[in-house]
Amino acid sequence: MSRYPYTRLFWRSERSIVISGPHIQVFDTNTGDVLHSTAKCGEDQNASGPIRCAALSDCGKFLATSGDDKKLKTWQVDDLQLLSSRVLPKKPTYINFSVNKDILIADKFGDIFRYQLHPGSNESSSGCMRDAVSSHENPSGGELILGHASLLTTFLVTADGQYIVTADRDEHIRVSWYPQGYTIESYCLGHQKYVSAIHIPSFSPQTLISGGGDSVLKLWDWMSGKLLRNIEVSSVVQPFIAVKAPKKKKQRKDEDEDIEPTIGKRGRVKSKGKRKEKRSADDGDAEESQDSAVPEGRPGEASTEDSEVLVVHRVASTPSLAPRVVFSVVGATAIFWFSMDDSYETCIRHEPFYRPIIDFTLEDDGSVWVLLDADRSPQGGWNRKGEGDDSNLVEVRRWTPDNFTASHPPPLAVALNSCALPATPADLKALDLYSNLLALPKHFEAEDGTQDLAEMGVDDTATVDGSNEGGITKRELGRLKHKEALRRLQEAGRGASLDSEPLPTDSKRVKSGGEGDTLALGIDET
């Protein structure tokens, strides 16, 4: 019988929570005993499909989850009681708690909504009304905090609760006030591809670390938006990537006319210009227009035309030891880390696990809990339990002064590896653990060959009617011009920053007395 891998672990000193497929389990951290599990509950409490997003409150008493059913569910951890279930307007991409236990949810339309932990009368009374700035209706009456023009991939609220940092699929990182998200403090611009992970280390609260599809991690002074340094990671990470995305096939009607692909019931791309598509009532969800076309084949399946796609999954830091930053990459078989004390020649180190890593969690002492796709075969399918050479779903490494080292597994790790929940091959396929390899890159096949206008021999003053000698479409030319303009702005910004005084670090948020617009002003406390 196949089994569910663990997709998320919330480690706490007394109780730990794990997510596996549609199920939630609560364990006693010290003994490994299963205290509560939704696998024993009725269908009304289980998610209709895998849990995609989950967050634990800072106090460890409340859990928020959501999945493909677009329902926000809040749980009480002590007895795993379902406190509420609310319908979300669009599929969520990330969930987190604010300092005061409000629930923040980012969705595929680029919006972040705030919900109270316990639904109030105002949420139910607002119903399906749409406010003046929301891009879509909210059936549960969530409060709109901010919005991007692209799919939001991740966000975080600073430790003081004053700011919210958001990242999207269009290479943007924005720093906004919280909860006045309409007031923007700064932008961190410089990524050439999507941003999928951001982190502010507790030992360096003025520094933001970001990563995604680029070959580098970037370190920022997030208050000013200034890029501090780049850390090259691609050369170290690529040899460990075991799961790759199949190439997207280019589809063109004419030289200057783009095909609008649609997704059929089986995930195959159909062209409106060549075939008539049969639509069902449930295929009309407008949010699917934000997703990229899915090619035939899935991430992780064997393919002769696999493409190298880098997606940084998580960035974290050890809070109580030396200033070290740990990160993982989708489909990689190792975790990676570096020291913030290193010079600009940063040394990236790794710890191999020989199976694709799904996620990891750091303890306060620096120990790392790694969740593995242990039953995945090299051909992209799944082995039955015990048939693989390494069948552990969870591995634990203890931190030494120079490296991670294996030790005797604690009771919780033993329990997690021995009481995994059963799953069918259809359940495992629905998990789609490596979906970001296809969902985040946009036209990456074209970008690999057209990175610069000069390299393509295309004059950036080409006319809008497509008269250029590069042999590319108007859409590709537009993207190239956009990237070229962004590069010039960045170079101009770097030159200006060298000639100007650095921004003061003791700036404050200043609000106007009225209810109108607010401004972010730097004020010297002296």
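Residues numbered from 1 in each chain as written. Predicted model: local features only at pLDDT ≥ 70, side-chain atom pairs only at ≥ 80, totals over all residues. Heavy atoms only, no water.

## Some words on the overall build of the chain
Right, so step 1: Per the secondary structure count, the chain includes 8 helices and 36 strands.
Right, so step 2: Pairs at least 24 apart in sequence give 53% of the contacts found in the chain among residues at least 6 apart.
Right, so step 3: Looking at the chain as shown, the accessible area adds up to about 25,600 Å², and 48% of this sits on carbon and sulfur atoms. (Helix = DSSP H or I, 4+ residues; strand = E, 2+ residues; numbered from the N terminus. Contact = heavy atoms within 4.5 Å. Areas by Shrake-Rupley, 256 points an atom, 1.4 Å probe, with all protein chains shown as cover.)

## Some remarks on the sheet that holds strand β21 (residues 226-232)
Note on sheets: strands pair through backbone hydrogen bonds, and any given pair is parallel or antiparallel.
Right, so step 1: Reading across the sheet, the 4 strands line up as β18-β19-β20-β21 and stay open at both edges, with antiparallel pairing between neighbours. Bordering the open sheet on either side are β18 (195-199) and β21, each of which pairs with just one other strand. Sheet twist, expressed as the average angle between the axes of neighbouring strands with direction ignored, equals 25 degrees. (Pairing = 2+ DSSP bridges. Axes fitted to C-alpha atoms, helices over the stretch in contact; angles between N-to-C directions.)

## Details of the sheet that holds strand β14 (residues 152-157)
Right, so step 1: In spatial order, the strands read β14-β15-β16-β17; together these 4 strands make up an open sheet with antiparallel pairing. Edge positions in the sheet fall to β14 and β17 (184-187), since each of these pairs with one other strand and no more. Pairs of neighbouring strands in the sheet enclose a mean axial angle of 20 degrees, with direction left out of account.
Right, so step 2: In the sheet, strand β15 (residues 163-168) pairs with strand β16 (residues 173-177) via 5 bridges, with the strands oriented antiparallel. Bridged to T166 within β16 is R174.

## Some points on a nonpolar patch on the surface
Right, so step 1: Taken together, I184, Y187 and L189 make up a surface patch of nonpolar side chains, about 250 Å² in accessible area.
Right, so step 2: Locating I184 in the fold gives a position in strand β17. (Patch = residues over 30% accessible without salt bridge, like charges linked within 9 Å, V, L, I, M, F, W, Y side chains within 5 Å. Salt bridge = Lys/Arg side-chain N within 4 Å of Asp/Glu carboxyl O.)

## Concerning the packing of aromatic side chains
Right, so step 1: This model, assessed by the stated rule, comprises 8 aromatic pairs.
Right, so step 2: Between Y94 and F155, the aromatic rings sit 5.2 Å apart at their centres with planes inclined by 80 degrees, giving edge-to-face as the arrangement. Residue Y94 is found in strand β10 (residues 92-97), and its partner F155 is found in strand β14; the two are separated by 61 residues along the sequence.
Right, so step 3: On the accessibility criterion, Y94 (24% relative accessible area) is partly exposed.
Right, so step 4: Given a relative accessible area of 1%, F155 falls into the buried group.
Right, so step 5: On the basis of an interplanar angle of 70 degrees and a centroid distance of 5.8 Å, the ring pair of F240 and F336 is categorised as edge-to-face. Taken together, the residues F240 in the loop between α2 (234-237) and β22 (245-246) and F336 in strand β30 (residues 334-339) connect sequence positions 96 residues apart.
Right, so step 6: The exposure class of F336 is buried, given its relative accessible area of 0%.
Right, so step 7: One aromatic cluster is present, built from ring pairs that chain together F240, F327, F336 and F338.
Right, so step 8: Looking at K90, its charged tip hangs above the ring of F109, at a distance of 5.1 Å from the centre. (Phe/Tyr/Trp six-rings, centres within 6.5 Å; stacked < 30°, edge-to-face > 60°. Buried < 20%, exposed > 50% of the residue type's maximum accessible area, 1.4 Å probe, protein only. Lys NZ or Arg CZ within 6 Å of the ring centre and 35° of its normal.)

## What to know about the nonpolar core
Right, so step 1: By size, the foremost hydrophobic cluster in this structure holds 30 residues, and its most contacted members are Y6, I335, W369, V370 and L416.
Right, so step 2: Every element with two or more residues in this core is listed here: β30, β32 (357-362), β33 (368-372), β34 (394-399) and α3 (411-418).
Right, so step 3: Here the element with the most residues in this core is β33; it accounts for 5 residues.
Right, so step 4: Not counting residues within four places of it along the chain, the set of residues in contact with I335 comprises V326, F327, R349, H350, E351, F353, I357, V368, V370 and F404.
Right, so step 5: Formed by 21 residues, the second largest nonpolar core is a distinct cluster that contains I209, I231, V325 and M340. (Core = buried A, V, L, I, M, F, W, Y, C linked by side-chain atoms within 4.5 Å.)

## Looking at the pattern of salt bridges
Right, so step 1: Under the criterion given, the structure shown has 12 salt bridges.
Right, so step 2: With a shortest N-O distance of 3.5 Å, D359 and R8 are connected by a salt bridge. On the criterion of sequence distance, the pair formed by D359 in strand β32 and R8 in strand β2 (residues 8-10) is long-range, its members being 351 residues apart.
Right, so step 3: In this structure D359 comes out as buried when scored by relative accessible area, which is 1%.
Right, so step 4: D102 serves as the salt-bridge partner of R114, at 3.8 Å between the closest nitrogen and oxygen. Here R114, found in strand β12 (residues 111-115), pairs with D102, found in the loop between β10 and β11 (103-107); they are 12 residues apart in sequence, far enough to count as distant.
Right, so step 5: Linked by salt bridges that have partners in common, R8, R314 and D359 make up one network.

## Digging into unusual backbone geometry
Note: most peptide bonds trans; most residues except glycine with negative phi.
Right, so step 1: Cis rather than trans, the peptide bond between Y178 and P179 has omega equal to 5 degrees.
Right, so step 2: On the secondary structure map, P179 appears in the loop between β16 and β17.
Right, so step 3: Phi angles above zero are rare outside glycine, and L80 is one such case at about 55 degrees.
Right, so step 4: As for its position among the elements, L80 is in the loop between β8 (71-76) and β9 (81-87).
Right, so step 5: One non-glycine residue, Y354, lies in positive phi territory at about 65 degrees.

## A closer look at the environment of K226
Right, so step 1: Tracing the sequence through the fold places K226 in strand β21.
Right, so step 2: C-alpha separation for the pair K226 and Y187, spaced 39 residues apart in sequence, amounts to 8.7 Å.
Right, so step 3: Excluding residues within four positions of it along the chain, K226 makes contact with L219, W220 and D221.

## Details of the pairing of β10
Right, so step 1: Of all 6 residues that make up β10, 5 are buried, and the element is covered over most of its length.
Right, so step 2: Here β10 runs beside β11; their pairing, made up of 5 bridges, is antiparallel. Note that in β11 the partner of P92 across the bridge is D107.
Right, so step 3: Once β10 ends, the chain turns through 5 residues before running back antiparallel as β11, passing K101 with a positive phi of about 75 degrees.

## Quick word on the pairing of β8
Along any regular strand, the residues point their side chains to alternate faces of the sheet.
Right, so step 1: Across 4 bridges, strand β7 (residues 62-67) lies against β8 in antiparallel orientation. For F62, the partnering residue across the bridge sits in β8 and is Q76.
Right, so step 2: Linking two consecutive strands that pair antiparallel, namely β7 and β8, is a turn of 3 residues; a positive phi of about 55 degrees is found at K70 within it.
Right, so step 3: Judged from the 6 bridges that link them, β8 and β9 form a sheet pairing that is antiparallel. Following the sheet pairing, K73 is matched in β9 by S85.

These results come straight from atomic positions and should not be treated as a statement about function.
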